[in-house]
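# Reading the structure
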Amino acid sequence: MGMIIRPDGVPRDTLSNIKQTKSYTINHVSTLTYRRAHQTSARYEADVSEFKAVGLTEQYVEGIFAPFVEQSQLKFSLQLRQVTPLEINGTVLIIGEIEHIIVDQHAMKADGYVDIESLESVAISGLDSYHQTQRLDRLSYAKPNKPLSSLTVDGMSLSSQS
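For the structure given in this document, a descriptive report is provided here.

On to the overall build of the chain. Secondary structure summary: the chain contains 3 helices and 10 strands in total. The helix and strand sequence of the chain, counted from the amino end, reads β-α-β-α-α-β-β-β-β-β-β-β-β. Looking at the chain as a whole, 25% of its 162 residues qualify as buried. Counting only contacts in the chain whose residues sit at least 6 apart along the sequence, the fraction spanning at least 24 positions is 45%. Within the structure as shown, the chain displays about 10,900 Å² of accessible surface, and the carbon and sulfur contribution to it stands at 52%. Put simply, the chain has 15 plus and 19 minus side-chain charges, and the middle of one group is 4 Å from the middle of the other.

What follows deals with the pattern of salt bridges. This structure, assessed with the given rule, holds 4 salt bridges. We note a salt bridge from Asp111 to Arg138, for which the minimum N-O separation is 3.0 Å. With Asp111 in the loop between strand E6 (91-103) and strand E7 (122-125) and Arg138 in the loop between strand E8 (129-132) and strand E9 (152-153), this residue pair connects regions lying 27 residues apart in the sequence. The exposure class assigned to Asp111 is exposed, which follows from its relative accessible area of 51%. The salt bridge partner of Glu117 is Arg135, with a shortest N-O separation of 2.9 Å. Of this pair, Glu117 sits in the loop between E6 and E7 while Arg135 is found in the loop between E8 and E9, placing the two residues 18 residues apart along the sequence. Residue Arg135 is classed as partly exposed on the basis of its relative accessible area of 25%. A cluster of three or more residues bridged by salt bridges with shared partners is formed by Asp115, Glu117 and Arg135.

You will see that Lys22, though not glycine, has its phi angle at about 65 degrees, which is positive. Tracing the backbone shows Lys22 in the loop between helix H1 (13-21) and strand E2 (23-27). A relative accessible area of 43% means that Lys22 is categorised as partly exposed. Its identity as a non-glycine residue notwithstanding, Glu120 has a phi of 55 degrees, on the positive side. Mapped onto the elements, Glu120 comes out in the loop between E6 and E7.

The rules behind the values
- Residues numbered from 1 in each chain as written.
- Predicted model: local features only at pLDDT ≥ 70, side-chain atom pairs only at ≥ 80, totals over all residues.
- Heavy atoms only, no water.
- Helix = DSSP H or I, 4+ residues; strand = E, 2+ residues; numbered from the N terminus.
- Buried < 20%, exposed > 50% of the residue type's maximum accessible area, 1.4 Å probe, protein only.
- Contact = heavy atoms within 4.5 Å.
- Areas by Shrake-Rupley, 256 points an atom, 1.4 Å probe, with all protein chains shown as cover.
- Lys, Arg positive; Asp, Glu negative; His and termini not counted.
- Charge placed at Lys NZ, Arg CZ, Asp CG, Glu CD.
- Salt bridge = Lys/Arg side-chain N within 4 Å of Asp/Glu carboxyl O.

The following block contains the structure:
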């Protein structure tokens, strides 16, 4: 899974921690936590816990070095695989291998689909614009010369489209 870190012309504690520990977590943000999650991007001193500063709770899981956000309902732990500086704009591409996924059971569907809308996950565009998600459709596997069909969620048929 790839992640872009802003240019490191100023100290980037997240980037430093990932390089040092070779381990990190990604935690989905919900409509209940997005403001606190956004506040973690403030430039706190290196010895200040962003978790405590914004009122989030660290969650440790045996065998995983980096903490999760307890309030997150969908979270991944990753092992660092590659750090690539991007000359075009000074950002850094971090590539990690997902090792563990933790998701609230109510969001897991029988076919393995994770219903992020039921988790009230939010999306972000740019650095500061948060959006609620709304599923448009789940589509069948695309094959040449075969029309697409809508899949179902919990036995309910979604709109057909070809």
